[in-house]
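# Inside the fold
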Amino acid sequence: KSKHKVSGINAFDINSDGVKELIIGWSNGRIEVRSDLSGEVLFKDNLEAPVAGILLSDFRLDGREQVIVCSTGGEVRGYVPNVVVNKTDEALAEEEEQTIAALNQAKQELQYELKNYEDNMRHMRTGQMKQGEGQLMMLPTDTAISCQWEVDEENKCVNL
């Protein structure tokens, strides 16, 4: 049992599931959103002063109601409901197909990359390439690279 008293109460579908939740304001400034079926706390917040009232209004003038909680100290907070976007079965299927296609493409690229690594490792171990392997993409670790540059004053550039 709480020593604080309920100072405001209202019902609103804050999680957009089609069922209104119970919104409770307390004398200690606590705000709770509870399931109407189980009483489970779904959301909580605290104001600096006791809750004076819980209102439902289109405060943002966007055509949707919001929960407005006011305290005795003048604090005002608004809570916007979660917006649930229901996708059609066709849209879900298309999204799933795109995901599968992207995963298949990534799989093929990884398999190709793995084959190249295996071919390179085989060549490093044996010094031979199989027919059709093409050129190796890996340089031997003992390869030396030398560079030289010169200034071309006539063209005002540096040649490598």
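Coordinates for the structure precede this section.
What you are looking at is a predicted structure, and each value in this text was computed from that prediction instead of being measured. What you see as residue numbers is a count from 1 along each chain, following the sequence as written. Local features in this predicted model are restricted to residues whose pLDDT is 70 or higher, and side-chain atom pairs enter the listing and the counts only when it is 80 or higher, whereas totals over whole chains, interfaces and linings include all residues. Only hydrogens and water are set aside when side-chain values are computed; all heavy atoms of the structure are taken into account.

## Thoughts on the overall build of the chain
- By the criteria applied, helices consist of DSSP H or I runs no shorter than four residues and strands consist of E runs no shorter than two, each listed in order from the N terminus. Assigned secondary structure in the chain consists of one helix and nine strands.
- Ordered by position from N to C terminus, the α and β elements of the chain give β-β-β-β-β-β-β-α-β-β.
- A simple rule labels every residue: compare its accessible area, found with a 1.4 Å probe on the protein chains alone, to the largest value its type can have, and call it buried under 20%, exposed over 50%, or partly exposed in between. Buried residues in the chain amount to 19% of all 160 residues.
- Residue contacts are defined here by distance: any two heavy atoms, one from each residue, within 4.5 Å place the two residues in contact. Counted over contacts in the chain with a minimum sequence separation of 6, partners at least 24 positions apart contribute 23%.
- Of the roughly 12,700 Å² of accessible surface on the chain, a fraction of 53% belongs to carbon and sulfur atoms. Method for areas: the Shrake-Rupley scheme with a 1.4 Å probe, in which residue coverage is limited to the protein chains shown.

## Comments concerning unusual backbone geometry
- Of note, the phi angle at S16 is positive, near 55°, even though the residue is not glycine.
- By secondary structure assignment, the location of S16 is in the loop between β1 (6-12) and β2 (21-26).
- One non-glycine residue, K156, lies in the positive phi region at around 55°.
- Structurally, K156 is set in the loop between β8 (150-152) and β9 (157-159).

## What to know about the pairing of strand β7 (residues 76-79)
- In the sheet, strand β6 (residues 66-71) pairs with β7 via four bridges, with the strands oriented antiparallel. Counterpart to C70 in the pairing with β7 is V76.
- Each pair of strands is called paired provided DSSP finds at least two bridges between the two strands. Here β6 hands over to β7 after four residues, with G74 in that stretch at a positive phi of 95°.

## A short note on the pattern of salt bridges
- Take a side-chain nitrogen of Lys or Arg and a carboxyl oxygen of Asp or Glu: if they are within 4 Å of each other, that pair is a salt bridge. All chains considered together, the criterion is met by six salt bridges.
- For the salt bridge of R77 with D45, the shortest nitrogen-to-oxygen distance reads 2.7 Å. Residue R77 is located in strand β7, and its partner D45 is located in strand β4 (residues 41-46); the two are separated by 32 residues in the primary sequence.

Any functional reading would require information that these geometric values do not contain.
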